[in-house]
Amino acid sequence: MKFENRLVLSAMAGINNAEFCNRQKASLVILGGFNADKNSMDAARAVVARGRKEFVFDDPLLGIEMELRKIRKNFAVNVRSSTLEGYLETAKLVDSYGGIIEINAHCRQPEFVLARCGEWLLFNPEKLFEIVEKVSRIAITAVKLRGGHRIDYERLCTKLFEKGCSALHIDAMIPNGGCDLFLLQRVSKIGFTIGNNSFVDRESGERMIRSGAKMVSAARAVLRDANFFEKMLESRILSEPVVMETKTVNWS
Ligand SMILES: Cc1cc2nc3c(=O)[nH]c(=O)nc-3n(C[C@H](O)[C@H](O)[C@H](O)COP(=O)(O)O)c2cc1C
């Protein structure tokens, strides 16, 4: 898969719909986070009830499809689900529109963790491996991970690539602020990574690329400045094209 620059719009639940994504100059936009089954959607309703934004749809898959019909760019869909079925159905849908499925092993809102999605998967890697193995037979697969935990990230990431991941999206957050470039450097030796956290200007983005990430993603900076990606394209490094080797394994 070819991308015309190294810039990625990172998922923002309740914000990254097709209309918002289509406006961005990033070569890859991540729709969602969406919720693919009843339990994860109930968790989203509970999160909304305490004042956070989420996409809430009566029919989760139809809600996702309505956005896919409108997207006009290279895209991924960031998704949470309590069931394997939810990931598989989303993968079929995303693949039929030519996108990437991004399994959310990142979200730490307690409602989602209780529903066995988001960060729960980081601490239950066997479940995550099973999801990736099966989903990657259907669609190009990425996993969004959060750094900052006492986890053997190199081991985890090696296994995720073996199971069929084409890319890992690493929120290399340092608990008290900033980006763990050393984590990015180690994981990027294993496979294609999108570096994330605190990409706020050209220098911070270029640092992540120099650490080995092939692409860099931003979320909060885009909320602060609607022209963020346009400005980042003034960087020679960030505006370079990049190719992601994709692995969609058809084992049937
Ligand atoms: C309003 C908001 C909603 C978010 N929703 C999601 C989400 O649904 N899924 C996800 O993987 N990350 C989500 N994130 C995390 C971002 O994608 C990103 O990893 C994080 O904000 C760090 O990147 P930044 O420093 O560029 O903001 C969200 C962030 C924000 C600010």
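Residues numbered from 1 in each chain as written. Predicted model: local features only at pLDDT ≥ 70, side-chain atom pairs only at ≥ 80, totals over all residues.

### A short note on the sheet that holds strand β2 (residues 7-9)
Thinking step 1. Reading around the circumference, β2-β3-β4-β5-β6-β7-β8-β9 is the order of the eight strands in this closed barrel, with parallel pairing throughout. Going across the sheet, the axis of each strand differs from the next one's by a mean of 25°, ignoring polarity.
Thinking step 2. Judged from the six bridges that link them, strand β5 (residues 100-105) and strand β6 (residues 140-146) form a sheet pairing that is parallel. Following the sheet pairing, Glu 102 is matched in β6 by Ala 142. (Pairing = 2+ DSSP bridges. Helix = DSSP H or I, 4+ residues; strand = E, 2+ residues; numbered from the N terminus. Axes fitted to C-alpha atoms, helices over the stretch in contact; angles between N-to-C directions.)

### Points about the environment of Glu 65
Thinking step 1. Within the fold, Glu 65 resides in helix α3 (residues 60-68).
Thinking step 2. According to the C-beta neighbour criterion, Glu 65 is partly exposed, with 16 such atoms within 10 Å.
Thinking step 3. When the C-alpha positions of Glu 65 and Thr 90 are compared, they lie 9.1 Å apart, and in sequence the two are 25 residues distant. (Buried ≥ 20, exposed ≤ 12 C-beta atoms within 10 Å, placed from the backbone.)

### Points about the packing of helix α6 (residues 125-135) against helix α7 (residues 153-163)
Thinking step 1. Relative to each other, α6 and α7 sit at 25°, their axes nearing to 8 Å. By the criterion of interaxial angle, the relationship of α6 to α7 is roughly parallel. Once α6 is placed against α7, the crossing between them reads as right-handed. Note on element contacts: α7 touches α6 through Leu 156, Lys 159, Leu 160 and Lys 163, opposite Pro 125, Phe 129, Val 132 and Glu 133.
Thinking step 2. In terms of residue class, the contact of α6 with α7 is built from five nonpolar, no polar and three charged. (Parallel < 35°, antiparallel > 145°, perpendicular 65-115°, else oblique. Left-handed = near helix turned anticlockwise from the far one by under 90°. Contact = placed C-beta atoms within 7 Å. Nonpolar A, V, L, I, M, F, W, Y, C, P; charged D, E, K, R; others polar.)

### Re helix α8 (residues 181-188)
Thinking step 1. Within the sequence span of α8, burial applies to Leu 183, Leu 184, Val 187 and Ser 188. Down the axis of α8, the buried side of the element spans an arc of 120°, and every buried residue falls inside it.
Thinking step 2. Elements in contact with the buried residues of α8: α7, β7 (167-171), β8 (193-196) and α9 (202-210). (Arc of directions from axis to C-beta.)

### Examining the packing of α7 against α8
Thinking step 1. Closest axis-to-axis distance for the α7/α8 pair is 9 Å, and the angle between their directions is 40°. In the crossing of α7 with α8, the sense of the turn from one axis to the other is right-handed. Across the interface between the two elements, Tyr 153, Glu 154 and Cys 157 of α7 pack against Leu 183, Arg 186 and Val 187 of α8.
Thinking step 2. Of the residues that constitute the contact of α7 with α8, the class distribution is four nonpolar, no polar and two charged.

### Observations regarding unusual backbone geometry
Thinking step 1. Note that the residue after Gly 32, namely Gly 33, is joined by a cis bond; omega there is 5°.
Thinking step 2. By secondary structure assignment, the location of Gly 33 is in strand β3 (residues 28-35).
Thinking step 3. Of note, the phi angle at Asn 197 is positive, near 115°, even though the residue is not glycine.
Thinking step 4. By the secondary structure assignment, Asn 197 is in the loop between β8 and α9.
Thinking step 5. Here Asn 197 falls in the buried class, since 27 other C-beta atoms lie within 10 Å of it.
Thinking step 6. Even without being glycine, Ser 198 reaches a positive phi, approximately 65°.
Thinking step 7. Tracing the sequence through the fold places Ser 198 in the loop between β8 and α9.

### Examining the pairing of β6
Thinking step 1. For β6, a buried count of seven out of seven residues is recorded, marking the element as mostly surrounded by other parts of the structure.
Thinking step 2. Side chains of β6 alternate between two faces, with Ile 140, Ala 142, Lys 144 and Arg 146 and Thr 141, Val 143 and Leu 145 buried alike.
Thinking step 3. By the bridge criterion, five bridges tie β6 to β7 in an arrangement that is parallel. Bridge pairing in β7 places Arg 146 opposite Asp 171.
Thinking step 4. Where the polypeptide runs from β6 across α7 and back to β7, its parallel neighbour, the crossover connection is right-handed. (Right-handed = clockwise from strand over helix to strand, strands pointing away.)

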